[in-house]
Amino acid sequence: MLPTLGATELLLLTGKAWAGAQVEEPLIDSVRTALSSAIANHAPPVPEFSDTESRLQYLRWLGSTSDRLKTRKPDFTTRKEFLQTVWYEARRAGLEVSLVLGLIQVESNFRKFVVSSAGARGYMQVMPFWARVIGNGDASTLFHLQTNLRFGCVILRHYIERENGDLFMALGRYNGSRGKPAYPQAVFAAQSQWQMRP
């Protein structure tokens, strides 16, 4: 007899994207301004290190994670650019890189041009209203690698702060399923696959 699978296990086995729909909420001017300035700097995601050990740690992470991502992104140059940008944008937003990779796996299954039934776009499934609220209004830019990851990381950081650090609730808000366990559990399960192994 086969075991009954929950939504989290089924999602991870099928490898399909499970994108939700962030809900457009009114933002006070100071929040809108802060979010707009957080996405405005388009510096290239070139890692900088204060010491050799930090650089070596990054290179070990890059090598290990690249190997695990090879089946989803076979081209090395594309994979390296993707991982370098994820690392840069996650750290820039004060997020764990493994959490961002887990969220990307659940939201888009690492597909750059995917569009959900709700209209969310790209790797981190950013809703087009965010381009209007805090960007330049051009939702097509949400398919650009760095733009999508920058928006997604800044939005997730905003939700974490809004939920006073409660990652479970912030992930639910990101997905448009606040308070429901399936989505946060799926992200946490996917995150564990991307944590640095000893």
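Keep in mind it's a predicted model, so treat the numbers as computed, not measured. What you see as residue numbers is a count from 1 along each chain, following the sequence as written. Where totals are concerned, whole chains, interfaces and linings use all residues; where local detail is concerned, this predicted model gives features only for residues with pLDDT of at least 70, and gives and counts side-chain atom pairs only at 80 or more. Hydrogens and water molecules were not included; the side-chain quantities draw on all heavy atoms of the structure.

Colleague: Lay out the nonpolar core in plain terms, naming residues and giving numbers.
Modeller: Core analysis: the biggest nonpolar cluster contains 49 residues, and Phe82, Leu101, Ile104, Met124, Trp130 and Tyr174 have the highest contact counts within it. Counting from the N terminus, the helices are DSSP H or I runs at least four residues long and the strands are E runs at least two residues long. Secondary-structure elements contributing two or more residues to this core are helix H2 (29-40), helix H3 (52-69), helix H4 (76-92), helix H5 (97-108), helix H6 (129-134), helix H7 (145-162), helix H8 (167-175) and helix H9 (182-194). Per-element accounting of this core gives the leading share, nine residues, to H7. Any two residues whose heavy atoms approach within 4.5 Å at even a single point are treated as in contact. The residues touching methionine 124, leaving out its near neighbours within four places in the chain, are Gln22, Val100, Leu103, Ile104, Glu107, Asn148, Leu149, Gly152, Cys153 and Tyr174. Note on terminology: a nonpolar core comprises buried Ala, Val, Leu, Ile, Met, Phe, Trp, Tyr and Cys residues joined through side-chain atoms within 4.5 Å. Three exposure classes are used, based on accessible area relative to the maximum for each residue type with a 1.4 Å probe and protein chains only: buried under 20%, partly exposed in between, and exposed over 50%.

Colleague: Residue-level account of the environment of methionine 127, with values.
Modeller: Considering the arrangement of structural elements, one finds methionine 127 in the loop between H5 and H6. According to the relative accessible area criterion, methionine 127 is buried, its value standing at 9%. Separated by 24 residues in sequence, methionine 127 and phenylalanine 151 place their C-alpha atoms 9.7 Å apart.

Colleague: Talk me through the side chain of lysine 73; I want residue IDs and the actual numbers.
Modeller: Inspection of the secondary structure assignment puts lysine 73 in the loop between H3 and H4. Buried within the structure, lysine 73 lacks any salt-bridge partner; glutamate 81 is the closest side chain of opposite charge, at an N-O distance of 8.9 Å. One polar contact links lysine 73 to tyrosine 123, side chain to side chain, over a distance of 2.8 Å. Excluding residues that lie within four positions of it along the chain, lysine 73 makes contacts with Arg79, Phe82, Phe110 and Tyr123. The charge count treats Lys and Arg as positive and Asp and Glu as negative. His and the chain ends do not count. Salt bridge criterion: a side-chain nitrogen from Lys or Arg within 4 Å of a carboxyl oxygen from Asp or Glu. In the analysis that follows, any N or O atom pair within 3.5 Å is treated as a polar contact, provided that within protein one partner can donate a hydrogen and the other can accept it, and provided that, for residues neighboring in sequence, both atoms belong to side chains.

Colleague: Would you mind going over H3 in detail, with residue names and values included?
Modeller: The span expected for a helix works out to 1.5 Å for each residue beyond the first. Its 18 residues place the ends of H3 25 Å apart at the C-alpha level, agreeing with the 26 Å of an ideal helix rising 1.5 Å per residue. Buried residues of H3: Tyr58, Trp61, Leu62, Thr65, Ser66, Arg68 and Leu69, and no others. Down the axis of H3, the smallest arc covering the buried residues is 155 degrees, so these residues share one side. The outward face of H3, more than 90 degrees from its buried face, is lined by the exposed residues Thr52 and Asp67. Check the buried side of H3 and you find it contacts H4, H5 and H9. Two or three places before glutamate 53, at the opening of H3, aspartate 51 has a side-chain oxygen 3.2 Å from that residue's backbone nitrogen. As used here, the arc is the angular range of directions from the helix axis to the C-beta atoms.

Colleague: I'd like to hear about the packing of aromatic side chains, residue by residue, with values.
Modeller: Each aromatic ring pair is described using two quantities: the centre-to-centre distance and the angle formed by the ring planes. A pair of Phe, Tyr and Trp rings is counted when the ring centres sit within 6.5 Å of each other, with Trp represented by its six-membered ring. The angle between the planes then sorts it: under 30 degrees is stacked, over 60 is edge-to-face, the rest tilted. All told, the structure shown has 11 aromatic pairs when counted by the stated rule. Seen in terms of ring centroids, phenylalanine 49 and tryptophan 87 are 5.8 Å apart; in terms of plane orientation they differ by 45 degrees. Their pairing is tilted. Of this pair, phenylalanine 49 sits in the loop between H2 and H3 while tryptophan 87 sits in helix H4, and the two are 38 residues apart along the sequence. Look at phenylalanine 49 and you get partly exposed, because its relative accessible area is 24%. We classify tryptophan 87 as buried; its relative accessible area is 11%. With a centroid separation of 6.3 Å and 70 degrees between ring planes, the pair formed by tryptophan 130 and tyrosine 159 is classed as edge-to-face. Residue tryptophan 130 is located in helix H6, and its partner tyrosine 159 is located in helix H7; the two are separated by 29 residues in the primary sequence. Note on tyrosine 159: relative accessible area 1%, which makes it buried. Taken together, the ring pairs in this structure connect Phe49, Tyr58, Trp61 and Trp87 into an aromatic cluster. Whether a charge lies above a ring is judged from NZ of Lys or CZ of Arg, which has to be within 6 Å of the ring centre and within 35 degrees of the ring normal. The ring of phenylalanine 82 carries the charged tip of lysine 73 above its face, separated from the ring centre by 5.1 Å.

Taken by themselves, the reported measurements are silent on function.
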